[in-house]
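Close look at the chain arrangement
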There are 2 protein chains.
Amino acid sequence: MSETPTPDGSPSTWSEDRLHRWLAEQSWPATLAGSRGHDAAVLETFAGRPVLCTDQCIEGVHFELGAGGRAAGRKAVLRTLSDLAATAAVPFAVTLGVMAPRSIEGVPLEAWLRAAITGAHDAATEHGAELVAGDLAMVEGPIALAVTALGHTSSGTVPVGRDRAQPGQLVLLSGPVGGSLPSDRHLEPLPRIEAGVAIAAAGATAMMDVSDGLAWDLYRLARASGVTVRLETERIQPHPDAEDAAASSGRTPLDHGLHDGEDHELIATIAAEDWAAFRREGAASGWHVIGTVEAMDRSAGHLQLRSPEGHSAWLPGAGRGWDYGGGE
Amino acid sequence: MSETPTPDGSPSTWSEDRLHRWLAEQSWPATLAGSRGHDAAVLETFAGRPVLCTDQCIEGVHFELGAGGRAAGRKAVLRTLSDLAATAAVPFAVTLGVMAPRSIEGVPLEAWLRAAITGAHDAATEHGAELVAGDLAMVEGPIALAVTALGHTSSGTVPVGRDRAQPGQLVLLSGPVGGSLPSDRHLEPLPRIEAGVAIAAAGATAMMDVSDGLAWDLYRLARASGVTVRLETERIQPHPDAEDAAASSGRTPLDHGLHDGEDHELIATIAAEDWAAFRREGAASGWHVIGTVEAMDRSAGHLQLRSPEGHSAWLPGAGRGWDYGGGE
């Protein structure tokens, strides 16, 4: 083997087999029923329905190389667990696919990848799951981390869905939004698992996490449900990071709150009487009303913003909502 | 939107949102408990232990663009299901992560990706699973398909593992091997699900699929189990494709059988009495003995090839076994 060591002695190129052997030396996963290092991970059984989701976290899009492997691995897992949270599911296990080029100049790549895998493991563990399986591939392109999360519902809960908002219901948001990207908060999204489980148990019908911006994601929820959502802009709580971002962006904190992505608070819809009961239980930490669901109103579109100054229909592509594919 | 149509009218660039809407028009998945198009898929419950595995299938490594999206999508799912087969698990659900550049000259990329997703769906369905969740990302690099498969064990079966081969046991192979890559058979690996479930029920202790070549994968199994595997080369059945490959490669069919990757037959170890009972049941379709497991013999290494002409220790790197990372 000819390898050029980087200044700290780490190989500048990485090896799939060497990383596999390093993985075999780790003490995790701890709860496998099958053997470690096997083709597939045999897990313990769990109660409730299985819930699956998958997400990809890519260098230059979702993280920069300079953020470090650990931050990238953590973000990849946390944003996927946020999709479980949006489904009122409890995390159980995650898998990680890693793609990376053979070498990146000046980067001790094998150490970076070990940090990414360790970060993914740690983030999963902090939320009650384990990193149980993975795949490594050498590809000339940006580093990409593909995470699949397996969770389970609490038994007895009716599953939520983005297409289950019903006219007459309230629209809820689980916390303040905006300014995540410039603050680096986007690297540590907090999966709102307890908030998701609690509001689903209270009777929420539709739920999503805010990953592409509050307006864009509310629009998607309304479109999937065939309804009009009326959003009261004065009820949106911009995150302190949105205030900071506004200081230099020339935009308002509200504009950041409406249109910034990578936030991972949850939106939910719920009948007014279920919300009242939930509030009386005092369990509504973070959840607050931001609007209402109405029967589809073609003049308002799927999402209408209502402020003291007036009303406006929001259309994707016209506002700050964004689409990786640039479509519509 | 400015898009240059390709000759058949398909857009030459693809859009995440447009593909999502196309997905929403499909009739699958059929068995979700939650709603379609949601952040995560809520599934029906199943018996047995959950089994998870993940694999990445990459343009230029595992498939060429010219093979078509359908073939690429099928292969991505089938090779992942093969890892479930190697764990004696029954497929239940798969997720698909798609990464692709914005455009590839001369390729109607959105149509290619729809074909890949449809191919993945069809391959899953043929083996009793459903494509239940996915993620799309636009990345300037080769097309990459990341598949995670969720399966479940038959209740009561002791899980197999690659580290569970025990001295005194027999080494089995589920079918003929070699020549997969030049024949394009590699694009349609057959997950040996029934063979895996049957041999595990018969008492197999260790099991793996042959993805990187019989010798390399047997070496890994022996290393993980801390044993020496003695392989009787005259018991290996080269696949007809290995005969074809040998006609032009200058290598023997056996050499192709020992060292070609992308085969996806299963290897297993089992006690002689369990094998005898399994054979008496007449259920041994495909399974045949190719060697024995011995206590670790340092002079023989983890894998010793025994032919009528003599014995030789096999070392990864020295032979045709390969490692994506080029390590060892």
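Here, the structure is the one placed above.
What counts and what doesn't
Residues numbered from 1 in each chain as written. Chains lettered and ligands numbered in written order. Predicted model: local features only at pLDDT ≥ 70, side-chain atom pairs only at ≥ 80, totals over all residues. Heavy atoms only, no water. Least-squares fit on C-alpha atoms with pLDDT ≥ 70 in both. Helix = DSSP H or I, 4+ residues; strand = E, 2+ residues; numbered from the N terminus. Expected span 1.5 Å × (residues − 1). Buried < 20%, exposed > 50% of the residue type's maximum accessible area, 1.4 Å probe, protein only. Contact = heavy atoms within 4.5 Å. Axes fitted to C-alpha atoms, helices over the stretch in contact; angles between N-to-C directions. Left-handed = near helix turned anticlockwise from the far one by under 90°. Nonpolar A, V, L, I, M, F, W, Y, C, P; charged D, E, K, R; others polar. Salt bridge = Lys/Arg side-chain N within 4 Å of Asp/Glu carboxyl O. Phe/Tyr/Trp six-rings, centres within 6.5 Å; stacked < 30°, edge-to-face > 60°. Lys NZ or Arg CZ within 6 Å of the ring centre and 35° of its normal.

1. What about the relation of the copies chain B and chain A?
- With an RMSD of 0.0 Å, the fit of chain B onto chain A corresponds to turning through 180 degrees and sliding 0.0 Å along the axis. The transformation just described matches what one would write down for a two-fold rotation axis. Minimal C-alpha distance to the rotation axis in chain B is attained by B:Gly141, lying at 2.4 Å.

2. Focus: helix α3 (residues 109–126) of chain B
All names here are of chain B.
- End to end, α3 covers 25 Å across 18 residues, agreeing with the expected 26 Å (1.5 Å per residue, within 8%).
- Buried within α3 we find Leu109, Glu110, Trp112, Leu113, Ala116, Ile117, Gly119, Ala120, His121, Ala123 and Ala124.
- Where the residues of α3 are buried, they touch α1 (16–25), α2 (69–85), β3 (89–100) and β4 (130–138).
- Just downstream of α3 lies Gly128, where phi reads positive at about 85 degrees.

3. Concerning the packing of α2(B) against α3(B)
Residues and elements named next belong to chain B.
- Relative to each other, α2 and α3 sit at 35 degrees, their axes nearing to 6 Å. Considering how the two elements wind past one another, α2 and α3 form a crossing that is right-handed. Side by side, α2 and α3 meet where Gly69, Arg70, Ala72, Gly73, Arg74, Val77, Leu78 and Leu81 of the first sit next to Trp112, Ala115, Ala116, Thr118, Gly119, Ala120, Asp122, Ala123, Ala124 and Glu126 of the second.
- When the residues that make up the contact of α2 with α3 are grouped by side-chain class, the tally is 10 nonpolar, 4 polar and 4 charged.

4. Examining the pattern of salt bridges
All names here are of chain A.
- Evaluated as defined, the whole model comprises 44 salt bridges over all chains.
- Arg185 is the partner of Asp263 in a salt bridge, and the nearest nitrogen-oxygen pair spans 3.0 Å. Taken together, the residues Asp263 in the loop between α8 (253–259) and β9 (266–270) and Arg185 in the loop between α4 (180–183) and α5 (193–202) connect sequence positions 78 residues apart.
- Its relative accessible area of 22% is what places Arg185 among the partly exposed residues.
- For the salt bridge of Arg220 with Asp217, the shortest nitrogen-to-oxygen distance reads 3.1 Å. Taken together, the residues span about one helical turn, with Arg220 and Asp217 both in helix α6 (residues 214–225) at a distance of 3 residues.

5. Brief notes about the packing of aromatic side chains
Residue and element names in this part refer to chain A.
- The full count for this structure, using the stated rule, is 10 aromatic pairs over all chains.
- A centroid spacing of 6.4 Å and a plane angle of 80 degrees characterise the contact between Trp22 and Trp28, whose relative ring orientation is edge-to-face. The burial state of Trp22 is the same as that of Trp28; both residues are buried.
- Ring plane angle 25 degrees and centroid distance 5.8 Å describe the contact between Trp216 and Tyr219, whose orientation is recorded as stacked. Remark: Tyr219 and Trp216 occur in helix α6; sequence separation between them is 3 residues, near one turn of the helix.
- A residue is classified by how much of its surface remains accessible, and Tyr219, at 9% relative accessible area, is buried.
- The ring of Trp216 has Arg220 lying over it, and the distance from NZ or CZ to the ring centre is 4.6 Å.

These values are about where atoms sit, not about what they do.
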